[in-house]
Amino acid sequence: MARYKEIFEIWRRDNSLTQALSASYEMLERTGRMFNASVTALRQDGSGAIRASIFEEDQAINRYHQAVRKKVLRHLAITGGTNLISGLVLASIVDDIERIGDYTKNIAELAASHNKRLSCGCCEEEIVSIEKAVADVCTRIVPILQSSNQAAARRLIGESLWIRKSCDNIVQDLVLEQDETLIPGNAVVLALYVRYLKRISAHLTNILSSVVNPYERIGYKEDDA
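The notes below deal with the structure included here. (Residues numbered from 1 in each chain as written. Predicted model: local features only at pLDDT ≥ 70, side-chain atom pairs only at ≥ 80, totals over all residues. Heavy atoms only, no water.)

1. Observations concerning unusual backbone geometry
The phi torsion of most residues other than glycine is negative, and most of the peptide bonds are trans. A positive phi angle, near 65 degrees, is found at N115, a position not held by glycine. Structurally, the position occupied by N115 is in the loop between α4 (84-114) and α5 (124-147). (Helix = DSSP H or I, 4+ residues; strand = E, 2+ residues; numbered from the N terminus.)

2. Describing the packing of aromatic side chains
In the structure shown here, the tally under the stated rule is 1 aromatic pair. Pairing Y103 with Y196 gives two aromatic rings, centres 6.1 Å apart and planes at 40 degrees, and the pair type is tilted. On the criterion of sequence distance, the pair formed by Y103 in helix α4 and Y196 in helix α7 (residues 184-212) is long-range, its members being 93 residues apart. The exposure classification of Y103 matches that of Y196, with both residues buried. Above the face of the Y103 ring, R99 is positioned so that its terminal group lies 5.0 Å from the ring centre. (Phe/Tyr/Trp six-rings, centres within 6.5 Å; stacked < 30°, edge-to-face > 60°. Buried < 20%, exposed > 50% of the residue type's maximum accessible area, 1.4 Å probe, protein only. Lys NZ or Arg CZ within 6 Å of the ring centre and 35° of its normal.)

3. Here we look at helix α6 (residues 150-175)
Helical periodicity: at 3.6 residues per turn, an α-helix aligns residues three or four positions apart in one direction. Over its 26 residues, α6 runs 38 Å from end to end, which matches the ideal 38 Å to within 8%, given 1.5 Å per residue. When α6 is considered as a whole, its buried residues turn out to be A152, A153, L156, I157, S160, I163, S166, C167, I170, V171 and L174. The opening residue of α6 is N149, an N-cap whose side-chain oxygen sits 3.1 Å from the backbone nitrogen of A151. At the C-terminal side of α6, E177 shows a positive phi close to 55 degrees. (Expected span 1.5 Å × (residues − 1). Polar contact = N/O pair within 3.5 Å; in protein donor to acceptor, adjacent residues only side chain to side chain.)

4. A closer look at the pattern of salt bridges
Side chains that carry opposite charge are capable of pairing whenever their charged atoms lie near each other. A full pass over the atoms with the stated rule returns 15 salt bridges. Linking E159 and R140 is a salt bridge whose minimum nitrogen-to-oxygen distance equals 2.9 Å. Of this pair, E159 sits in helix α6 while R140 sits in helix α5; the two residues are 19 residues apart in sequence, bridging distant segments of the chain. Look at R140 and you get partly exposed, because its relative accessible area is 26%. Several salt bridges converge on common partners, so that one network encompasses E26, R30, R33 and E57. (Salt bridge = Lys/Arg side-chain N within 4 Å of Asp/Glu carboxyl O.)

5. Structural notes on α4
Taking 1.5 Å of rise per residue, the 31 residues of α4 would be expected to cover 45 Å, and the 45 Å separating its terminal C-alpha atoms lies within 8% of that figure. N115 sits one or two residues past α4 and shows a positive phi near 65 degrees.

If you want it as structure tokens, here you go:
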């Protein structure tokens, strides 16, 4: 089964797929900007005022998503299904990016509803670490895709594995009311926020897995049976 590096070369040789690939990079860069703005709104600003740019970026991502799907479908129709796997991989990547945009928008909506800076109580330090780790992946993922660097993709996946487990532990502690300093409203917002961070991290990992796994294994660990 073809791997990302081989598929990347196919994309580079076909103008329509090259355009679609460039659009996927633009989508990832936009979701990175959205993520930073949404986290700032919830965790630093605290005014409840959400910049319209966050929602404009989400709409732009949706348009890119539809455009890439259309380009892939048109390519497959014209070529009679040639390079089917490359089209499926690209469609899978933009599906994950679109979901990242949705979860990031959800964070912005939390900020608007909460209307004050979110305090995370006893897990404040851990949440900050998660936020920084997710932002770091957002920054590093595009160069990895552009270079189809499998070693860098594996390394970043490995560096990110702790995020999902940490998010699960925080939610479990919230359910068990381990931190009595958190008022109910904060606890609810925090639980939702942590789940959104987990899902964003998971979708970023799915995208990275496309660099090291064949199509049918995208989203799974490289060594899974």
